[in-house]
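# Per-entry structural report
Listed here are the chains, written in short residue letters.
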Amino acid sequence: MNTTRGERGAPPSGEGLRSVQAAVARALGEHLPDGVRTGELDRGGRALRWVEAGRGGVAPVVLIAGCGTTALGWSAVLPELARYGRVVAYDRAGLGASEPESGAAPTVSGQLADLAALVRHLGAGPALLVGHSWGAQTAQLLAWERPELVAGLVLVDPAHEDFQPRSIEVAEAVLNRLWLYRAALSRTVPGPGEPLDRAEAAVVAHRHQRRAVLAEQRLTVAAAPGVRRRRAGAPPLEAPLAVLSATRGLPRAMRVHWTALQAGIARRAVRGTHAEVHGAGHAIQADRPRAVVEAVREVADRARYFGGN
């Protein structure tokens, strides 16, 4: 596969990343009667890409992946959610099938602008945002900045600015070991794993992906002070919100601290709930997908989101 426009390290070609998007759509569509559709939005000369499934409902559910991960991370929940309405899983700039931002590194403002543009482009009013880890922080930031775009939020083991790894090297080592949730994908998706393996291979074949993962990890660390200030000055979220916390994967004292911070997110919302998902690690959507689906349905119901479904 030709993964660059020219010399090693050059940006990936649009055609090459469209092939990634197609591979992901085929893999995720294996367990959906109507398959998975693809979408693309021009963001000033670069393409923001996504896959989507399901139809109907008042407005789409938008799935926001965790740091350094892609739409593939939602493989265990997307088919079930598609039964109730339109569901969109997109790749942030530089990750998966989406082309990178211009410049040396991703930015919080760029990521928020992309998410806002996607919600507006879908053209069905405010969206229900479902974010994992850093994706959950991104969802909160958009809800603070553009509340008219957000009908509700489900935050899946959300990252928090007051819970940071001791060093970037530790975080990078974890990401390298968990590259694109290989173990989680093979464990949770029904039926043969080969289509997902091929889709993952299509992503990893692009050399820029590893650099994009590490650049986004650096962004999440650097963004912490700004997120802290924004949280302190933000009014309580009025949209219905559900926070899900993992129970496995960290030393007990660290997990207790992180879970307490996550519970605080729910307490500051006007209509917030918090639940611990027993037996789930950080990728709750892979370990306990039913818990995520039920949380989305609950928030959707509180927001009158699926129009009576």
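Note that this is a predicted model, so its numbers are computed, not measured. (Residues numbered from 1 in each chain as written. Predicted model: local features only at pLDDT ≥ 70, side-chain atom pairs only at ≥ 80, totals over all residues. Heavy atoms only, no water.)

Our next topic: the environment of Glu 80. Checked against the element boundaries, Glu 80 lands in helix 2 (residues 78-81). Residues Glu 80 and Leu 32, 48 residues apart in the sequence, show an inter-C-alpha distance of 8.9 Å. Each residue touching Glu 80, except ones within four places of it in the same chain, is listed here: Arg 290 and Val 293. (Helix = DSSP H or I, 4+ residues; strand = E, 2+ residues; numbered from the N terminus. Contact = heavy atoms within 4.5 Å.)

Attention shifts here to unusual backbone geometry. With a phi angle near 55°, Ser 133 is a residue other than glycine that sits in the positive phi range. By the element assignment, Ser 133 lies in the loop between strand 5 (127-132) and helix 4 (134-145). Even without being glycine, Asp 157 reaches a positive phi, approximately 40°. Note that Asp 157 resides in the loop between strand 6 (150-156) and helix 5 (168-177).

Okay, the packing of helix 3 (residues 108-122) against helix 4 next. Close contact between helix 3 and helix 4 brings their axes to 10 Å; oriented N to C, the two are set at 75°. On the basis of the axis angle, helix 3 is roughly perpendicular to helix 4. Between helix 3 and helix 4, the contacting residues are Val 108, Gln 111, Leu 112, Leu 115 and Ala 116 on the first element and Trp 134, Thr 138, Leu 141 and Leu 142 on the second. Across the contact of helix 3 with helix 4, the residue classes break down as 7 nonpolar, 2 polar and no charged. (Axes fitted to C-alpha atoms, helices over the stretch in contact; angles between N-to-C directions. Parallel < 35°, antiparallel > 145°, perpendicular 65-115°, else oblique. Nonpolar A, V, L, I, M, F, W, Y, C, P; charged D, E, K, R; others polar.)

Attention now moves to empty space enclosed by the protein. Using the criterion set out here, one finds 1 cavity of 30 Å³ or more in the structure. Its boundaries defined by the atoms lining it, the largest cavity holds a volume of some 40 Å³. What lines the largest cavity is Gln 21, Val 24, Arg 49, Trp 50, Val 51, Ala 71, Asp 91 and Ala 97. Elements with a contribution of two residues or more to the lining of the largest cavity: helix 1 (14-28) and strand 2 (47-53). Here the lining of the largest cavity gets 3 residues from one element, more than from any other, and that element is strand 2. Here the residues of the lining of the largest cavity sort into 5 nonpolar, 1 polar and 2 charged. (1 Å grid on protein atoms, 1.4 Å probe; cavity = no way out; pocket = protein on both sides within 12 Å on 5 of 7 lines; lining within 4 Å. Points joined across faces, edges and corners; volume = space filled by probe spheres on them.)

The subject of this paragraph is the pattern of salt bridges. Enumeration over the complete set of coordinates arrives at 17 salt bridges. With a closest N to O distance of 3.3 Å, Arg 18 and Glu 40 form a salt bridge. A residue pair is termed long-range when its members are at least 10 positions apart, and Arg 18 in helix 1 and Glu 40 in strand 1 (residues 37-42) qualify at 22 residues. Arg 83 serves as the salt-bridge partner of Glu 80, at 2.8 Å between the closest nitrogen and oxygen. Take Glu 80: its relative accessible area is 17%, and that puts it in the buried class. Taken together, the salt bridges that share partners define one network made up of Arg 18, Glu 40, Arg 49 and Glu 99. (Salt bridge = Lys/Arg side-chain N within 4 Å of Asp/Glu carboxyl O. Buried < 20%, exposed > 50% of the residue type's maximum accessible area, 1.4 Å probe, protein only.)

Another aspect to go through is the packing of aromatic side chains. One pass over the structure, following the stated rule, counts 1 aromatic pair. Ring centres 4.7 Å apart and planes at 10° place the aromatic pair Phe 163 and Trp 258 in the stacked group. Here the residue Phe 163 occupies a position in the loop between strand 6 and helix 5, and Trp 258 occupies one in helix 10 (residues 252-267), the gap between them amounting to 95 residues. When its relative accessible area of 17% is taken as the criterion, Phe 163 is described as buried. Classification of Trp 258 by relative accessible area gives buried; the value is 8%. (Phe/Tyr/Trp six-rings, centres within 6.5 Å; stacked < 30°, edge-to-face > 60°.)

Taking 1.5 Å per residue as the helical rise, helix 8 (residues 208-222) with its 15 residues ought to reach 21 Å, and the 21 Å between its terminal C-alpha atoms agrees with that figure. Buried within helix 8 are the following residues: His 208, Gln 209, Ala 212, Val 213, Leu 214, Ala 215, Glu 216, Gln 217, Leu 219 and Thr 220. (Expected span 1.5 Å × (residues − 1).)

Of all residues in the protein, 78% have pLDDT values of 70 or greater, and the mean over the chain is 83. At the level of individual helices and strands, the protein shows its lowest average pLDDT in helix 6 (residues 182-188), which scores 40, and its highest in strand 7 (residues 241-245), which scores 98. A low-confidence stretch, residues 1-9 stays under pLDDT 50, and its non-local contacts, those more than four residues away or across chains, total 19 contacts. For the stretch residues 167-193, pLDDT sits under 50, and the model shows 44 contacts to residues farther than four places along the chain or on other chains. (pLDDT = per-residue confidence, 0-100.)

Attention shifts here to the nonpolar core. Within soluble globular proteins, side chains that are nonpolar generally end up buried alongside one another. Core analysis: the largest hydrophobic core is formed by 39 residues, its most contacted members being Val 62, Leu 129, Leu 153 and Leu 241. For Val 62, the contacting residues outside a window of four places in its chain are Val 88, Tyr 90, Leu 115, Leu 118, Leu 122, Ala 127, Leu 128, Leu 129 and Val 130. With 38 residues, the next largest nonpolar core counts Leu 17, Val 20, Val 61 and Ala 65 among its residues. (Core = buried A, V, L, I, M, F, W, Y, C linked by side-chain atoms within 4.5 Å.)

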